[in-house]
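Per-entry structural report
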Number of protein chains: 2
Amino acid sequence: MEQILETVPNFSEGRDPEVIEAIADCFRGKPGVKLLDYSADKDHHRSVFTAVGEPDALRDAVIKAIGVAVARIDLTRHQGQHPRMGAADVVPFIPIRNCSLEDADRVAKEVGDAVARRFGQPVFLYERSATKPNRENLSDIRKGGFEGMAEKMKDPAWTPDFGPATIHPTGGVTAVGARMPLIAFNVNLGTDKLEIASAIAKKVRHSNGGFRYVKAMGVMLEERRLAQVSMNLTDYTQTSVYRVFETVRMEAERYGVSVVGSELIGLSPLKALMDCAEHYLRLEHFSLEQVLETRY
Amino acid sequence: MEQILETVPNFSEGRDPEVIEAIADCFRGKPGVKLLDYSADKDHHRSVFTAVGEPDALRDAVIKAIGVAVARIDLTRHQGQHPRMGAADVVPFIPIRNCSLEDADRVAKEVGDAVARRFGQPVFLYERSATKPNRENLSDIRKGGFEGMAEKMKDPAWTPDFGPATIHPTGGVTAVGARMPLIAFNVNLGTDKLEIASAIAKKVRHSNGGFRYVKAMGVMLEERRLAQVSMNLTDYTQTSVYRVFETVRMEAERYGVSVVGSELIGLSPLKALMDCAEHYLRLEHFSLEQVLETRY
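Note that this is a predicted model, so its numbers are computed, not measured.

Some remarks on the domain arrangement of chain A
Here the domain parsing of chain A yields domain 1 (4–178) and domain 2 (183–295). For domain 1 of chain A and domain 2 of chain A, the distance between their C-alpha centroids amounts to 31 Å.

Overview of the sheet that holds strand 9 (residues 214–221) of chain B
Residue and element names in this part refer to chain B. Taken together, the four strands give an open sheet; going across it, the order is 9-10-8-11, and neighbouring strands pair in antiparallel fashion. Of all the strands in the sheet, just strand 9 and strand 11 (259–265) have a single pairing partner and so form its edges. Strand-to-strand twist across the sheet, computed as the mean angle between neighbouring axes with direction ignored, equals 20°. Of the pairings in the sheet, the one linking strand 8 (residues 183–189) to strand 11 comprises six bridges and is antiparallel in character. Directly across from Ala-184, in strand 11, lies its bridge partner Ile-265. Sheet strands touched by helix 6 (residues 194–204): strand 8, strand 9 and strand 10 (226–233). Its angle to strand 9, the strand with the most contacts, is close to 175°.

Some thoughts on the nonpolar core
Counting residues in each nonpolar core, the largest one holds 128 residues, and the members touching the most others are Val241(A), Val244(A), Ala69(B), Leu233(B), Val241(B) and Val244(B). Every residue in contact with Val241(B), bar those within four places of it in the chain, is listed here: Leu281(A), Ile183(B), Phe185(B), Leu233(B), Tyr236(B), Ala272(B), Asp275(B) and Cys276(B). Formed by 55 residues, the second largest nonpolar core is a distinct cluster that contains Cys26(A), Val91(A), Ala114(A) and Leu125(A).

Things to note about the packing of helix 2 (residues 55–72) of chain A against helix 3 (residues 101–119) of chain A
All names here are of chain A. Where helix 2 meets helix 3, the closest approach of the two axes is 10 Å, and the angle between their N-to-C directions is 35°. In this structure, helix 2 meets helix 3 at a crossing whose hand is right-handed. In this structure, helix 2 contributes Pro-55, Arg-59, Val-62, Ile-63, Ile-66, Gly-67 and Val-70 to the contact, and helix 3 contributes Asp-103, Val-107, Glu-110, Val-111, Ala-114, Val-115, Arg-118 and Phe-119. Grouping the amino acids of the contact of helix 2 with helix 3 by side-chain chemistry returns ten nonpolar, one polar and four charged.

Looking at the pairing of strand 9 (residues 214–221) of chain A
Relative to strand 10 (residues 226–233) of chain A, strand 9 of chain A runs antiparallel, the two sharing eight bridges. Residue Gly218(A) lies in a different strand from strand 10 of chain A, and its bridge partner there is Val229(A).

Description of the confidence of the model for chain A
On average, chain A scores 95 in pLDDT, and the residues at 70 or more come to 99%. The complex model carries a pTM of 0.74, and its ipTM stands at 0.80.

A word on the sheet that holds strand 11 (residues 259–265) of chain A
To summarise the sheet geometry, strands pair through backbone hydrogen bonds and adopt either a parallel or an antiparallel arrangement. Residues and elements named next belong to chain A. Judged by pairing direction, the sheet is antiparallel, and its four strands sit side by side in the order 9-10-8-11 without closing on themselves. Lying at the two open borders of the sheet, with one neighbouring strand each, are strand 9 and strand 11. Going from strand to strand, the sheet's axes swing by 20° on average, the running direction of each strand aside. Helix-sheet contacts for helix 7 (residues 241–253) involve strand 8 (183–189), strand 9, strand 10 and strand 11, and the interaxial angle to strand 8 is about 25°.

A short note on the interface of chain B and chain A
Tallying the contact residues gives 33 residues for chain B and 34 residues for chain A. In terms of residues, the side of chain B that touches chain A owes the most to one element, helix 8 (residues 270–280) of chain B, which gives six residues.

Focus: helix 3 (residues 101–119) of chain B
All names here are of chain B. Its 19 residues give helix 3 an end-to-end C-alpha distance of 26 Å, which sits within 8% of 27 Å, the value for a rise of 1.5 Å per residue. Taken as a whole, helix 3 has its buried residues at Ala-104, Asp-105, Val-107, Ala-108, Lys-109, Val-111, Gly-112, Ala-114, Val-115, Ala-116 and Phe-119. Among the structural elements, strand 1 (4–7), helix 2 (55–72), strand 5 (88–97), strand 6 (123–125) and strand 7 (174–178) are those in contact with the buried residues of helix 3. Positive backbone phi, approximately 65°, marks Gly-120, located one or two places after helix 3.

Calculation criteria
- Residues numbered from 1 in each chain as written.
- Chains lettered and ligands numbered in written order.
- Predicted model: local features only at pLDDT ≥ 70, side-chain atom pairs only at ≥ 80, totals over all residues.
- Domains from an automatic or database assignment.
- Pairing = 2+ DSSP bridges.
- Helix = DSSP H or I, 4+ residues; strand = E, 2+ residues; numbered from the N terminus.
- Axes fitted to C-alpha atoms, helices over the stretch in contact; angles between N-to-C directions.
- Contact = placed C-beta atoms within 7 Å.
- Core = buried A, V, L, I, M, F, W, Y, C linked by C-beta atoms within 7 Å.
- Buried ≥ 20, exposed ≤ 12 C-beta atoms within 10 Å, placed from the backbone.
- Left-handed = near helix turned anticlockwise from the far one by under 90°.
- Nonpolar A, V, L, I, M, F, W, Y, C, P; charged D, E, K, R; others polar.
- pLDDT = per-residue confidence, 0-100.
- Expected span 1.5 Å × (residues − 1).

In structure tokens form, the structure reads like this:
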């Protein structure tokens, strides 16, 4: 069965279309790779690409793209609103179909090793590829930014996982790692009391004793006069969408409040939604291979 | 643009793996044809195959498969729970991509003509290929089953569309026709009382006042000692899977019986299952374009 991995690399170039297109070209017209989307932000001076593909083909495309970024982006002359530490700043790999976090982690490490050897770019492994707990969170790695990174890396705690023990003079450092797809899922409550949504957010989120892979907060939809439990589900294979939904509904009932709707922001993996159909219909022996569209 | 047609032929053999594999071999390794799935049911004594392909290549594979069935299945010695009238019992053709019901209808008629001439198998055109209103519904054609078919065909109203005016002595008769995608959906009840499943089947099926696009009957899963409401949903865009499921559950409750599970047999269109996730999660503004896998 075909394996599909996704990558969403961020580059510190949001203004020069030639560089942005040169990066895009690393993903275009490559067998086994598809560039789904890319966008540049002039204020952030940053561009974000979304590509999917077979793990090895995607790996090779990303290595080329990082090579272009290191060669053509000079962070000593870069100013933008977004925190950054590298020409290629952060490169996540995300398992999408028929592959696991372990597959994504392998590709992340191969990319880190290759760009360190070929371009002299230091690499920190982050998120689920992190080799130390203080490297799991991107913001911990990036603290100090490009300008502070050479000094920061004098501390042995910040020796990179691949490459030289100090920054690339113009390319800085890059974070590469595996993570799960993220699902932005909001549940709208039949109340205008923000405090109810906030209380429920605390009950379902990990930081307050809730589900391990849920981040949540209460927000107010001013136009609709509805309070919303706004969530990020960071690993739907462990913390299912339907389980979070039903828990929010159950907690809302305690206030006599109903769930009037929900929304998914952006894209969700097929399996995250199929898990919901499977749960509610009580399906036995169900497989994604039974979805007609996965077979062609 | 490549045309893709689907076929889901049903054969009256669910126990002999040699015959089942011989039928599968008619679809395997044929250019322009892909066997997506097949499964056999011992209680029903029946097997179902799902194949897609270019119309003419798929037509030729199906003709061969019917030839194998007529040669190797003897209905005079066949007993199973599922109604049947032919060794190759029913052969639908379904437009999937870049082709229409008319294309499916053309292939259906070419198959009917070929198997009548080559194997002496009488063929009734059914569903959207039917030549008379009383042949649209498979159950009207199949009424009487294999055992009653020779007598039934003495009536000129039941002269077949292709082939001899009486049954093939061991192969019976076959229904061939064009139709839209169909979902085979079964709900398992926590009871061993077949009459409860049968009563619920009557309540949800079109022929007795139920949902317009539901065909249903009660069957007994002997090994598990569970009664099942076995259904075909003939247009999920009009009669949703979740609505049928919830109605079966509601009717079962009236007997104090719970739904212990359900199953999809073969393939389902993505949208049929997404409609369920959307319903139960109360999703607002949801689009299939939000499913990651639809984007590549």
